[in-house]
Amino acid sequence: MLQLRSVTKRFGTIIALDDVSLDIARGEFFGLLGPNGAGKSTLMSLVAGLRAADAGTLHLDGAPLTAANAASRTSLGLVPQHIALYPELNADENLRIFGALYGLRGADLRDRINTALTAVQLADRRRDPVKNFSGGMQRRLNLVAALLHRPKLLLCDEPTVGVDPQSRNAIFEYLQALNRDGLTIIYSTHYMEEATRLCSRIGIIDHGKILALGTLEELLTRLPFEEEIRFPATAATAPLAVELAALGELATADGSHRFRPHIDCKLSAFYARAESHAVPGRLFTSQRPTLEAVFLHLTGRTLRE
Amino acid sequence: MRPILVLLRKDFTNFFRNKAAVSLTFIVPFAMIWLFGVIFGVNKKDSGPNGIPLAVVNASDNPAAATLVAALQAEKSFYVYTKFVNPDKSTRPLTEADLRSMMQAPDADFRFALVIPPDVVSETTFGLHLKIFSNPRNEIETQTVNGMLQKTIFTTVPQLLGQSLQARAKNFLGDSRFKQFNGTIAAAVSDAFGADKDQVQRDLEAGDFGFGQITGPTQPADRSLRRLDAPKDPTSNAPPTSVAQPAVAPATTGAVDALSRIVRLETIQVVGADVKSPFATSIVGGWAIQFLLFALSASATSLFRERDAGIFQRLLAAPVTRAHILWSKFLYGVILGIVQLMVLFVAGRILFGIEVEKHFVLLVLVCTFAAAACTSFGMLLAALSPNAEAAQGLATFLIMIMSSLGGAWFPITLMPVFIQQFSKLTLVYWSMEGFSAVLWAGQSFFQLLPILGILGGITVLVMSIAVWRFNRGKIFG
């Protein structure tokens, strides 16, 4: 559905996107995961036609995506990072304006507004000025304002910033329902929990480059370990820790060791060494690695840095 | 105490980081003080109005009339026109017949004219007869011109008044008794004050009664005269040792007051004579346009609020272009401007009787062009400024400058001539010209076209720069 080929975007001497190529299939829920300043919003703005790429091409359903191509933009919906609404106007008036910009009018527009407001539980507040809404309510309205014209592709640029857990959950459920109904979504975030929960495929972006691309399982296989084992950093476990350094990655922080065995290291070998140092098995906790670990592995830093 | 100092430091740090606040606090007031100082000639001895265009028609062959024309030409308050320029660039003296049509023209060079008629001094009536043709569209300017004219007449040609007295006396007494009358007075003056009798008689017959010595502060006392209270010494014609200067001031005031009652200034209003509420009609346009500029500048800065809220992202992701956003803002400003101006004029109609309905269509037309020019100004401010605060600061500064230079606060003729040149660069000036042309002069559509063309030209030029800047600036991210 969406193809990006060798897309580059510079702002002065800063390369915001560096030779990015990407394919998004119809019906995908694609997550763009990266820290602040990684290039997520720039990529979104290029797809939305807000900026022009310095190099490379973007196509939506085979048609070039450019600022001048107004027709292609009717296929897109953008949920900006900010609350892009008119605060003095009420919810109904805001939606009327944004719907009318896509050529909607009359009963059709009214029906779509009713449906949208009901879907995000704002129907009973439709006459209230947006400035009187809570942050979560404003976020929900911000989301449906991009959906009135029923786009084929929805671009969500960190749509849950500053949202309370309840509203965030409501937004997630609504987006998942839309995706189940066939809407293709590109969702940028720096919260790995959101990407993990929502996205069928994830691209990890940093310094303007797509570092890894795939499903969660595919990304995890890029790690040189399959599990992560934690145990207390005490005098009793110190000899074991020294030996484990040869079998994988060992990091110590906050009074505990974190051991990530090499892919060829068998867990039986690990437990045999623990037994030989009389470290009881109840001290060990093991867990599957997360996207955070993938990002750390790929970039050498955490998502929050 | 320490928390107070910490918070105080924080406030000053914030203040000095905010360039708009710093400029509004220091630079704008400084600039305004300087500008007003220049405008009103602070620290200058010759402050006051400059170069008010005045046509002078001298139809009299009286030598004193020529002296009056020369005095008016030397007066810095006036720029005097005495010639009519023919189409072939040749010139001839202006005539009274020229004045009315010239002053009613849309691009009239002058709004005041003084006519010295052949009968400036008459044998049948006492006093001077002068005519003033005026287009008094600004009350302050009109009062200033009248005052300056009277001052010039009384201080430079008081002999005209003397001539009037002489002519009236001659007519009343007959030639022989008139000569005898002057001879008697001359002998009495000579006897009392010691001057030459024949010279005094010649002065009397020429109308020179010595008014110049009390109305013209720069004229020295006749040194051949002695003080009345000085001891009479028939053997000595020595000049007086001093002249009692303190007596001059009250005498001047008294003389001018007396003279003003016997100089007949026949005022002929060439333009706006049938305007019912002249003062309100002449000032409402300037204030209306000033408030319109403030309103439209505020609305233009809404571009920054929409940008900062990310609304432009949403709009531009829809089938909406930058041009759509800019032109919708422009049209919004124009419509708001027309409505605001018309509301103010209708309020002027209700409160002060300004005849809006008489010129409704042309007034709407001028309001449209003025609103367009003002809106383009607001758009340019938004295009040039990095943020809303800077735009507001710049707007306040420029609106005050344009309003004062453009004549919204006081007549531009009160300013030095070199500053008056800048008035025509302001949209306030041309908007006021438009309102005045319709409401005051009652001009037709075709007569209005030059002003509309200039306002339209300002709009096109300023909007072109604004759009160019918008496309290269940061307003659209």
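Residues numbered from 1 in each chain as written. Chains lettered and ligands numbered in written order. Predicted model: local features only at pLDDT ≥ 70, side-chain atom pairs only at ≥ 80, totals over all residues.

Time to look at the nonpolar core. Residues Leu-141 and Leu-155 of chain A together with Leu-54, Ala-113, Ala-370 and Cys-374 of chain B are the most contacted members of the largest nonpolar core, which totals 175 residues. Looking at this core element by element, the count peaks at 16 residues for helix H15 (residues 360–384) of chain B. The contact partners of Leu-54 of chain B, leaving out residues within four places of it in the chain, are Leu-72, Phe-78, Tyr-79, Val-80, Phe-110, Phe-112, Ala-113 and Leu-114 of chain B. Residues Ile-229, Phe-270, Ala-274 and Val-279 of chain A belong to the second largest nonpolar core, which totals eight residues. (Core = buried A, V, L, I, M, F, W, Y, C linked by C-beta atoms within 7 Å. Buried ≥ 20, exposed ≤ 12 C-beta atoms within 10 Å, placed from the backbone. Helix = DSSP H or I, 4+ residues; strand = E, 2+ residues; numbered from the N terminus. Contact = placed C-beta atoms within 7 Å.)

Residues and elements named next belong to chain B. Under the domain assignment used here, chain B contains domain 1 (52–158 + 265–269) and domain 2 (278–472). Computed over C-alpha atoms only, the centres of domain 1 and domain 2 are separated by 36 Å. Counting from both sides, the interface comprises nine residues of domain 1 and, opposite them, twelve residues of domain 2. For the side of domain 1 that touches domain 2, the element with the highest residue contribution is helix H5 (residues 139–156), accounting for three residues. Considering only residue class, the side of domain 1 that touches domain 2 consists of four nonpolar, one polar and four charged. (Domains from an automatic or database assignment. Nonpolar A, V, L, I, M, F, W, Y, C, P; charged D, E, K, R; others polar.)

All names here are of chain A. Spatially, four strands are ordered E2-E1-E4-E5 in an open sheet, and the strand pairing comes out antiparallel. Where the open sheet ends on each side, the last strands, each with one partner, are strand E2 (14–24) and strand E5 (63–64). Two elements, strand E1 (residues 2–11) and E2, share seven bridges in a ladder whose sense is antiparallel. Along E2, the bridge assignment pairs Arg-10 with Ile-15. (Pairing = 2+ DSSP bridges.)

Turning to the interface of chain B and chain A, a few remarks are in order. The partner chain A presents 16 residues to the twelve residues of chain B that form the contact. Looking at the side of chain B that touches chain A residue by residue, the classes come out as eight nonpolar, three polar and one charged.

All names here are of chain A. As judged from the five bridges shared by E1 and strand E4 (residues 55–60), these two strands associate in the antiparallel manner. Along E4, the bridge assignment pairs Arg-5 with Thr-57. Bridge analysis of E4 against E5 gives two bridges, and the strand direction is antiparallel. Each bridged residue has a counterpart across the sheet, and for Leu-60 the counterpart in E5 is Ala-63.

Another aspect to go through is the domain arrangement of chain A. Partitioning chain A into domains gives domain 1 (2–215) and domain 2 (228–288). Each of domain 1 of chain A and domain 2 of chain A has a C-alpha centre, and these two points are 43 Å apart.

To continue, consider unusual backbone geometry. Even without a glycine there, the phi angle at Asp-61 of chain A is positive, about 50 degrees. By the secondary structure assignment, Asp-61 of chain A is in the loop between E4 and E5. The phi torsion at Lys-89 of chain B lies on the positive side, around 75 degrees, for a residue other than glycine. As for its placement among the helices and strands, Lys-89 of chain B is situated in the loop between strand E3 (83–85) and strand E4 (91–93).

Residues and elements named next belong to chain A. For the pair helix H3 (residues 91–101) and helix H4 (residues 106–119), interaxial distance at closest approach is 10 Å and the crossing angle is 125 degrees. If you check the angle between H3 and H4, you find them oblique. Relative to H4, H3 is oriented so that their crossing is right-handed. Side by side, H3 and H4 meet where Ala-91, Asp-92, Leu-95, Arg-96, Gly-99 and Ala-100 of the first sit next to Leu-109, Arg-112, Ile-113, Ala-116 and Leu-117 of the second. Each residue belonging to the contact of H3 with H4 can be placed in one class, and the counts come to seven nonpolar, one polar and three charged. (Axes fitted to C-alpha atoms, helices over the stretch in contact; angles between N-to-C directions. Parallel < 35°, antiparallel > 145°, perpendicular 65-115°, else oblique. Left-handed = near helix turned anticlockwise from the far one by under 90°.)

As a further point, take the packing of helix H11 (residues 278–300) of chain B against helix H18 (residues 427–440) of chain B. All names here are of chain B. Contact pair H11 / H18: the axes reach a minimum separation of 9 Å and the direction vectors enclose 145 degrees. Crossing geometry of H11 relative to H18 is assigned as right-handed. Contacts from Thr-281, Ser-282, Gly-285, Gly-286 and Ile-289 in H11 reach Val-428, Ser-431, Met-432, Phe-435, Ser-436, Leu-439 and Trp-440 in H18. Of the residues belonging to the contact of H11 with H18, the class tally is six nonpolar, six polar and no charged.

Residue and element names in this part refer to chain A. Taken together, the four strands give an open sheet; going across it, the order is E12-E13-E11-E14, and neighbouring strands pair in antiparallel fashion. Two strands in the sheet have a free side with no partner beyond their single neighbour: strand E12 (248–253) and strand E14 (285–287). Taken over all neighbouring pairs, the strand axes of this sheet differ in orientation by 20 degrees on average, direction set aside. Two strands pair when backbone bridges link them, and strand E11 (residues 228–232) and strand E13 (residues 256–261) are joined in this way by four bridges, in the antiparallel orientation. When the sheet's bridge partners are listed, Ile-229 is paired in E13 with Phe-259.

Residue and element names in this part refer to chain A. Mapped onto the secondary structure, Phe-270 falls in helix H10 (residues 267–276). A C-alpha to C-alpha distance of 45 Å links Phe-270 and Arg-26, two positions 244 residues apart in sequence. Look past the residues within four positions of Phe-270 in its chain and what remains in contact with it is Leu-247, Pro-261 and Cys-265.

Residues and elements named next belong to chain B. Within chain B, residue pLDDT values average 78, and 84% of them lie at 70 or more. Segment residues 214–222: pLDDT under 50, and 17 contacts once partners within four positions in sequence are set aside and those in other chains are kept. Taken over the whole predicted complex, pTM reads 0.72, whereas the ipTM for its chain interfaces reads 0.81. (pLDDT = per-residue confidence, 0-100.)

This next bit is on H15 of chain B. The terminal C-alpha atoms of H15 of chain B lie 36 Å apart, and with 25 residues this matches the ideal 36 Å at 1.5 Å per residue to within 8%. Most of H15 of chain B sits inside the fold, with 19 of its 25 residues counted as buried. (Expected span 1.5 Å × (residues − 1).)

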